[in-house]
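What follows is each chain in one-letter form.
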Amino acid sequence: MTDPTNPTPPTDPDQTRLRRWRLILGEPAEAGCGYALSGLDAQIDAALGALYDPDGPGGLRGGSGASSPRVARWLGDIRRYFPGPLVQVMQRDAFERLDLKSMLLQPELLEAVQPDVHLVATLMALRGILPAQTRDTARTVVARVVAALMARLDEPMRAAVSGALNRAERNRRPRHAEIDWNRTIRANLRHWQADYQTLVPEQLIGYGRKARRTQREVVLCIDQSGSMANSVVYSSIFGAVMASLPAVRTHLVVFDTAVVDLTADLSDPVEVLFGIQLGGGTDINRAVGYCQGLIREPRNSILVLISDLYEGGVERQLLQRAAELIQSGVQVIVLLALSDEGAPSYDHQLAAKLAALGAPAFACTPDQFPELMAAAIRREDVALWAAKQGLVTARAEG
């Protein structure tokens, strides 16, 4: 039976178009559209109006000002009416347009928000002013986001990096877990049994057994200025995954005008995120200098600088340090962003200068990052890898 208070959307194309325009333009357009909303549509319209007409009678800023109960109800409404990605967009709009960040200091409101990367970034920025009664709630929210990201990103990262290590050496008496099935199948194609539709693996080919010593050293050097917030979150997750691989020695360094080494906290990504203070200036030169001192075996080391390159330090010294690192054998990669937010803003001139030295500079999504690291570990041409992925790299100055 159809609920009369929640009618189904119209199927007629003209009516569908009028309904959409009415929802987009709001209540003032009702007469012009000639379409009246009712039931669920009216509730959706009220939720949209509360955010995008905030000073109206039902707006989040209307009347005597926004109140926590009203905002909490609105957060619940949008989770009921809209899909998750759209909820996150609307939450972000509310925080930015209506300056609702102060309300996140209240545990009951924080519990009503749908956690996502943007919310974690906001909580990181507010870390210094979170009252005691809210800190535990904030940590729980951050832990939920970290767990979701780990579930999504851990296995691709682990598989890509592990697969790039120790592939050159082959093992003719492999254990089951060491069998390279692709090579084994190719080597035994002549033993195909058509009658049984099966292949007899007369010769097994395995990956070389992993050496106990560290095979690669990876330094993640992350700009913690406010514009890099999402990149900081994803970088911390990937750093924690790589730190759990015995063949990779991983360092995590964050910086603004000061440099903080968070390597010791990599076993707990939540602790890493709460150890980061977003905002402040930027001294990339100082940070790269610190990372330079961490590197033990240059030819087995990868330095990933994650920054928009708006340098507040000494650019000339930064370029000199980058040149020294590259000449010593270190693979230097510049990620202008590690996020899903599209083309980033960055210093094009400094990116071009670093590219001219041999440090490719481009933006990368979290889903692409595992394969990027695998390519670097295999010592492939990272600039060529990026081009094959359709990533736009900074061009060296002519």
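For the structure given in this document, a descriptive report is provided here. Worth saying up front: this structure is predicted, and the values here are computed from it rather than measured.

**Looking at the pattern of salt bridges**
Okay, step 1: Across all of its chains, the model carries 8 salt bridges by this definition.
Okay, step 2: For D154, the salt bridge goes to R158, with nearest N and O atoms at 3.2 Å. One end of the pair is D154 and the other is R158, both in helix α8 (residues 132-164) and 4 residues apart, which spans about a single turn.
Okay, step 3: R158 gets classed as partly exposed once you look at its relative accessible area, which sits at 26%.
Okay, step 4: Residues joined by salt bridges that share partners form a network here, namely R152, D340 and D367.

**Quick look at the side chain of S339**
Okay, step 1: Positionally, S339 belongs in the loop between β9 (331-338) and α14 (348-357).
Okay, step 2: Contacts of S339, omitting those with residues within four sequence positions, involve N230, S231, Y234, C364, T365 and P366.

**Brief notes about the packing of α8 against helix α10 (residues 229-243)**
Okay, step 1: The N-to-C vectors of α8 and α10 enclose an angle of 55 degrees; their axes lie 10 Å apart at closest approach. What the angle tells us is that α8 and α10 run oblique. Note on packing geometry: the crossing formed by α8 with α10 is right-handed. Contact residues: α8 offers V146, L149, M150, R152, L153, D154, M157 and R158, while α10 offers V233, Y234, I237, F238, V241 and M242.
Okay, step 2: Among the residues forming the contact of α8 with α10, the class breakdown is 11 nonpolar, no polar and 3 charged.

**Quick word on the nonpolar core**
Okay, step 1: Of all hydrophobic cores here, the largest spans 65 residues; its most connected members are L335, F362, F369, L372 and M373.
Okay, step 2: At 11 residues, α8 tops the list of elements feeding residues into this core.
Okay, step 3: Setting aside residues up to four positions removed in sequence, L335 forms contacts with V304, L305, I306, S307, F362, C364, F369 and L372.
Okay, step 4: With 28 residues, the next largest nonpolar core counts V219, L305, L318 and A322 among its residues.

**Quick word on the packing of aromatic side chains**
Okay, step 1: Applying the stated rule across the entire model yields 2 aromatic pairs.
Okay, step 2: Aromatic side chains Y81 and F82 sit 6.4 Å apart centroid to centroid with 85 degrees between the ring planes, which places their arrangement in the edge-to-face category.
Okay, step 3: Judged by its relative accessible area of 13%, F82 is buried.
Okay, step 4: Residues F238 and F369 carry aromatic rings whose centres are separated by 4.7 Å and whose planes lie at 35 degrees to one another, so their mutual orientation is tilted. Placement of F238 in helix α10 and of F369 in helix α15 (residues 369-377) is noted, with a sequence separation of 131 residues between them. The two residues F238 and F369 agree in class, both being buried.

**Structural notes on the sheet that holds strand β7 (residues 259-261)**
Hydrogen bonding along the main chain pairs the strands of a sheet, whether they run parallel or antiparallel.
Okay, step 1: Pairing within the open sheet is mixed, and its 6 strands lie in the order β7-β6-β5-β8-β9-β10. Of all strands in the sheet, those with a lone pairing partner are β7 and β10 (361-364), marking the two edges. Pairs of neighbouring strands in the sheet enclose a mean axial angle of 25 degrees, with direction left out of account.
Okay, step 2: Strands β5 (216-223), β6 (248-255), β8 (301-306) and β9 of the sheet are contacted by α10, whose axis makes an angle of about 160 degrees with β5.
Okay, step 3: Running over the sheet, α15 touches β5, β8, β9 and β10 and is turned about 170 degrees from β9.

**As for the state of the cysteines**
Okay, step 1: Throughout the structure, instances matching the rule amount to 0 disulfides.
Okay, step 2: Of all cysteine sulfurs, the one in C221 lies closest to C291, which takes part in no disulfide; the gap is 3.6 Å.

**Some points on the pairing of β9**
Okay, step 1: Of all 8 residues in β9, 8 are buried, a share of seventy percent or more.
Okay, step 2: With respect to chirality, the unit in which β8 leads through helix α13 (residues 315-328) into the neighbouring parallel β9 is right-handed.
Okay, step 3: Of the strand pairs in this sheet, β9 and β10 are connected by 3 bridges, and their pairing is parallel. Looking across to β10, one finds that L338 is bridged to C364.
Okay, step 4: Handedness of the crossover joining β9 and β10 through α14: right-handed.

**A word on the pairing of β5**
Okay, step 1: Across the 8 residues of β5, 8 count as buried, placing the element largely inside the fold.
Okay, step 2: Pairing of β5 with β6 involves 8 bridges; the strand directions are parallel. Considered in β6, the bridge of L220 is made with L252.
Okay, step 3: Of the pairings in the sheet, the one linking β5 to β8 comprises 6 bridges and is parallel in character. The residue bridging E217 from the neighbouring strand is S301, located in β8.

Definitions and cut-offs
- Residues numbered from 1 in each chain as written.
- Predicted model: local features only at pLDDT ≥ 70, side-chain atom pairs only at ≥ 80, totals over all residues.
- Heavy atoms only, no water.
- Salt bridge = Lys/Arg side-chain N within 4 Å of Asp/Glu carboxyl O.
- Helix = DSSP H or I, 4+ residues; strand = E, 2+ residues; numbered from the N terminus.
- Buried < 20%, exposed > 50% of the residue type's maximum accessible area, 1.4 Å probe, protein only.
- Contact = heavy atoms within 4.5 Å.
- Axes fitted to C-alpha atoms, helices over the stretch in contact; angles between N-to-C directions.
- Parallel < 35°, antiparallel > 145°, perpendicular 65-115°, else oblique.
- Left-handed = near helix turned anticlockwise from the far one by under 90°.
- Nonpolar A, V, L, I, M, F, W, Y, C, P; charged D, E, K, R; others polar.
- Core = buried A, V, L, I, M, F, W, Y, C linked by side-chain atoms within 4.5 Å.
- Phe/Tyr/Trp six-rings, centres within 6.5 Å; stacked < 30°, edge-to-face > 60°.
- Pairing = 2+ DSSP bridges.
- Disulfide = S-S within 2.5 Å.
- Right-handed = clockwise from strand over helix to strand, strands pointing away.

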